[in-house]
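Below are the chains, spelled out letter by letter.
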Amino acid sequence: MFYNTKCSVLDKDKTNLLDIWVDLQPYEKTLQYEDDIEVEITARAFCDKFSEITNYGYFQIGDKVYKIMNFKEWSDYMECFLYQCECD
């Protein structure tokens, strides 16, 4: 993994909590919820573990904002699944 993309971790109110480096990769997956709601995951980010990263937060990378839809904690890093917001 190459942490080569600067990212701002935002809370649910989109307040900046901290700046980190991530490995951002394109990713395609569809999450399905009840009532036939589908959410397209368009990217995933690998990063060091931070307690500020939650399912309620966002990543801001450049002028794009991504909702953290889910994440997995591995032994020494996190894998975050991201939905690109259409507007902030």
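Here we summarise the structure given alongside this text. (Residues numbered from 1 in each chain as written. Predicted model: local features only at pLDDT ≥ 70, side-chain atom pairs only at ≥ 80, totals over all residues. Heavy atoms only, no water.)

1. Considerations on the sheet that holds strand β2 (residues 16-33)
Inference 1: Pairing within the closed barrel is antiparallel, and its 6 strands lie in the order β1-β2-β3-β6-β5-β4. Taken over all neighbouring pairs, the strand axes of this sheet differ in orientation by 50° on average, direction set aside.
Inference 2: Note that strand β5 (residues 64-73) and strand β6 (residues 78-84) share 7 bridges and pair antiparallel. By the bridge assignment for β6, Ile68 is matched with Leu82. (Pairing = 2+ DSSP bridges. Helix = DSSP H or I, 4+ residues; strand = E, 2+ residues; numbered from the N terminus. Axes fitted to C-alpha atoms, helices over the stretch in contact; angles between N-to-C directions.)

2. Brief notes about the packing of aromatic side chains
Inference 1: The tally for this structure, following the rule as stated, stands at 3 aromatic pairs.
Inference 2: Consider the rings of Phe46 and Tyr77, whose centres lie 6.0 Å apart with planes at 55°: the pair is tilted. Within this pair, whereas Phe46 is found in strand β3 (residues 37-47), its partner Tyr77 is found in the loop between β5 and β6, the two being separated by 31 residues in sequence.
Inference 3: Look at Phe46 and you get buried, because its relative accessible area is 9%.
Inference 4: A connected cluster of aromatic rings, assembled from ring pairs, spans Phe46, Trp74 and Tyr77.
Inference 5: Taking the ring centre of Tyr58 as reference, the NZ or CZ of Lys67 above it sits at 5.4 Å. (Phe/Tyr/Trp six-rings, centres within 6.5 Å; stacked < 30°, edge-to-face > 60°. Buried < 20%, exposed > 50% of the residue type's maximum accessible area, 1.4 Å probe, protein only. Lys NZ or Arg CZ within 6 Å of the ring centre and 35° of its normal.)

3. Topic: the environment of Lys72
Inference 1: Locating Lys72 in the fold gives a position in strand β5.
Inference 2: When the C-alpha atoms of Lys72 and Phe46 are compared, they prove to be 9.6 Å apart, with 26 residues separating the residues in sequence.
Inference 3: Beyond its immediate sequence surroundings of up to four residues, Lys72 is in contact with Tyr77, Met78, Glu79 and Phe81. (Contact = heavy atoms within 4.5 Å.)

4. With respect to the pattern of salt bridges
Inference 1: Inspection of the entire model under this criterion finds 2 salt bridges.
Inference 2: In this structure, Glu79 engages Arg44 in a salt bridge whose closest nitrogen and oxygen atoms are separated by 3.0 Å. In this pair, Glu79 sits in strand β6 while Arg44 sits in strand β3, placing the two residues 35 residues apart along the sequence.
Inference 3: Of the charged contacts in the structure, one is a salt bridge between Glu73 and Lys49, with a shortest N-O distance of 3.8 Å. Note that Glu73 is positioned in strand β5 and Lys49 in the loop between β3 and β4 (58-61), a separation of 24 residues in sequence.
Inference 4: Judged by relative accessible area, which is 39%, Lys49 ranks as partly exposed. (Salt bridge = Lys/Arg side-chain N within 4 Å of Asp/Glu carboxyl O.)

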